[in-house]
Number of protein chains: 2
Amino acid sequence: MSTATARDRLIDTAQELFAARGVGATSPRAVLAASGVGQGSLYHHFPTKHDLAVAAVGATVEDALARAMHDLRGESPAVRRVVDYLERPRDALAGCRIGRHTSDQAVMDDEGLRDVVTAYFVRLLGVLTEAFREAGLPDDAAGDRAHAALAIVQGGYVLARATQDPDALTAAVRGFVGLLTQKESM
Amino acid sequence: MSTATARDRLIDTAQELFAARGVGATSPRAVLAASGVGQGSLYHHFPTKHDLAVAAVGATVEDALARAMHDLRGESPAVRRVVDYLERPRDALAGCRIGRHTSDQAVMDDEGLRDVVTAYFVRLLGVLTEAFREAGLPDDAAGDRAHAALAIVQGGYVLARATQDPDALTAAVRGFVGLLTQKESM
DNA sequence: GTCTATAAGTTGATAGAC
DNA sequence: GTCTATCAACTTATAGAC
């Protein structure tokens with residue numbers, strides 16, 4: 001339906017399949033079938049599955065970072081921005097499109113691909129740490145609290161998938177935000 | 001060098017491989033090779049991969065629950081027990097042996113197998129909620145805080161794997177415990 | 001750039017001897 | 001109960017025509 005190039009259609013389809021099933025469990029053939037592109041085209045644009053995965057996961061990381069930065073880099077007070085980020089609506093039962101790859105051997109055994117995932121989390125942790133510093137915490141405590149905040153989101157996804165209950169993620173966020181916003185939260 | 005039966009060796013080996021690579025990425029052949037058991041024996045004891053997975057993941061869940069209950073069911077004050085559970089040493093870079101399965105389609109698409117994973121988390125959430133209730137929180141808040149506590153552990157594993165840094169898990173725990181143990185934490 | 005055909009290896013599982 | 005041999009389907013590609 002699109003005037004999109006074969007390459008773009010391959011990346012779009014791969015992003016969706018990798019997010020839904022993981023990289024290891026998604027065959028190049030599955031991407032071909034879902035995208036409607038021919039076999040030769042895939043291997044023309046992406047000689048190996050690794051190349052396709054780096055392109056698709058890289059695109060997903062860029063999208064996710066852009067959205068996160070929108071929440072975390074606003075005008076409101078630092079803790080408010082973190083809470084906005086934590087409380088943003090998420091498709092909990094689908095799991096995190098990027099965090100899920102940490103359990104995928106096809107990703108973790110591939111250095112270039114793993115680096116893409118690492119960069120996403122390092123970047124998020126950096127911005128969250130900066131926010132907590134801005135809120136007045138010393139460096140060590142700001143880093144620890146940033147790790148806790150991001151762990152709440154990632155762990156909330158795991159709990160939601162495990163219990164098949166999307167509210168498990170929102171409950172984890174509520175529990176954390178409750179502690180975060182009580183008086184003397186420093 | 002064991003007198004263990006072929007069946008026991010198969011379950012032990014499968015537990016390790018499923019924990020390290022996931023169920024979907026571990027072939028019955030890999031379990032055979034690592035256990036030293038013959039092909040016929042596997043399919044005698046476990047007619048399908050599903051049967052092996054239910055036995056192996058079920059055994060892992062039982063082990064993990066027993067250890068968690070040891071921490072969470074002691075004599076000390078409720079919040080102290082939760083903190084002991086959170087601060088217990090963990091092999092962060094290996095990831096959670098059970099939580100990782102929430103990203104494994106081979107597990108999540110198999111109802112019986114998924115139920116084993118669900119039961120583990122429902123049980124843990126129940127015990128954690130009870131502890132926070134015992135600490136004086138009303139039911140809703142106790143449930144939310146229990147979700148947050150367990151999300152910290154699961155999310156901490158994800159962050160440690162993503163950044164290839166085991167201290168990412170301990171940092172998340174420190175950040176959460178800091179909030180948890182400040183005055184007026186109710 | 002895109003296609004169809006095909007290769008060599010692996011997957012989950014079965015057959016049938018011992 | 002345990003073994004080796006084998007299976008059809010699928011995996012990640014490659015070959016070569018259009």
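Here the structure is a predicted model, which means the values were calculated and not measured. (Residues numbered from 1 in each chain as written. Chains lettered and ligands numbered in written order. Predicted model: local features only at pLDDT ≥ 70, side-chain atom pairs only at ≥ 80, totals over all residues. Heavy atoms only, no water.)

1. Considerations on the UniProt feature "domain: HTH tetR-type" (unreviewed entry) in chain A
Okay, so step 1: The UniProt entry lists residues 4–64 of chain A under the feature "domain: HTH tetR-type" (unreviewed entry), expressed in the numbering used here.
Okay, so step 2: Helix makes up 77% of residues 4–64 of chain A and strand 0%. Its end C-alpha atoms lie 22 Å apart. (UniProt positions renumbered as here; feature names shortened; annotations may be inferred. Helix = DSSP H or I, 4+ residues; strand = E, 2+ residues; numbered from the N terminus.)

2. Concerning the environment of Thr 26 of chain A
Residues and elements named next belong to chain A.
Okay, so step 1: Mapping Thr 26 onto the fold places it in the loop between α1 (6–21) and α2 (28–35).
Okay, so step 2: A C-alpha to C-alpha distance of 18 Å links Thr 26 and Val 117, two positions 91 residues apart in sequence.
Okay, so step 3: The contact partners of Thr 26, leaving out residues within four places of it in the chain, are Leu 17, Phe 18, Arg 21, Val 31 and Lys 49.
Okay, so step 4: Engagement of the side chain of Thr 26 in a polar contact is seen with the backbone oxygen of Gly 22, the distance being 2.6 Å. (Contact = heavy atoms within 4.5 Å. Polar contact = N/O pair within 3.5 Å; in protein donor to acceptor, adjacent residues only side chain to side chain.)

3. A few points about the packing of α1 of chain A against α2 of chain A
Residue and element names in this part refer to chain A.
Okay, so step 1: Running from amino to carboxyl end, α1 crosses α2 at an angle of 115°, the nearest separation of the two axes being 9 Å. As for the relative orientation of α1 and α2, their crossing is right-handed in sense. On α2, the residues touching Arg 9, Leu 10, Thr 13, Ala 14 and Leu 17 of α1 are Ala 30, Val 31, Leu 32, Ala 34 and Ser 35.
Okay, so step 2: The residue makeup of the contact of α1 with α2, split by class, is 7 nonpolar, 2 polar and 1 charged. (Axes fitted to C-alpha atoms, helices over the stretch in contact; angles between N-to-C directions. Left-handed = near helix turned anticlockwise from the far one by under 90°. Nonpolar A, V, L, I, M, F, W, Y, C, P; charged D, E, K, R; others polar.)

4. So, the interface of chain A and chain B
Okay, so step 1: Taken together, the contacts link 42 residues of chain A with 42 residues of chain B.
Okay, so step 2: Carbon and sulfur atoms make up 65% of the area that chain A and chain B hide from each other, which totals about 3400 Å².
Okay, so step 3: Considering only the surface of chain A that becomes buried against chain B, Asp 144, Leu 159 and Leu 179 of chain A emerge as the three largest contributors, covering 16% of it.
Okay, so step 4: For Arg 174 of chain B, the salt bridge is made with Asp 144 of chain A, and the minimal N-O distance between the two is 2.9 Å.
Okay, so step 5: Counting every contact that joins chain A to chain B gives 12 residue pairs in polar contact (both at pLDDT 80 or more).
Okay, so step 6: Secondary structure elements with two or more residues in the side of chain A that touches chain B: α1, α6 (105–108), α7 (111–134), α8 (139–163) and α9 (167–180) of chain A.
Okay, so step 7: Looking at the side of chain A that touches chain B, its residues break down into 20 nonpolar, 14 polar and 8 charged. (Buried area = accessible area lost by both parts, 1.4 Å probe. Salt bridge = Lys/Arg side-chain N within 4 Å of Asp/Glu carboxyl O.)

5. Some points on the relation of the copies chain A and chain B
Okay, so step 1: Relative to chain B, chain A is turned by 180° and slid 0.0 Å along the rotation axis, the superposed coordinates differing by an RMSD of 0.0 Å. Given the turn and translation reported, the copies of this chain are related as if by a two-fold rotation axis. Judged by C-alpha distance, Gly 155 of chain A is the residue of chain A that lies nearest the rotation axis, at 1.9 Å.
Okay, so step 2: A share of 100% of interface residues in chain A that are also interface residues in chain B marks the association as one of identical surfaces. (Least-squares fit on C-alpha atoms with pLDDT ≥ 70 in both.)

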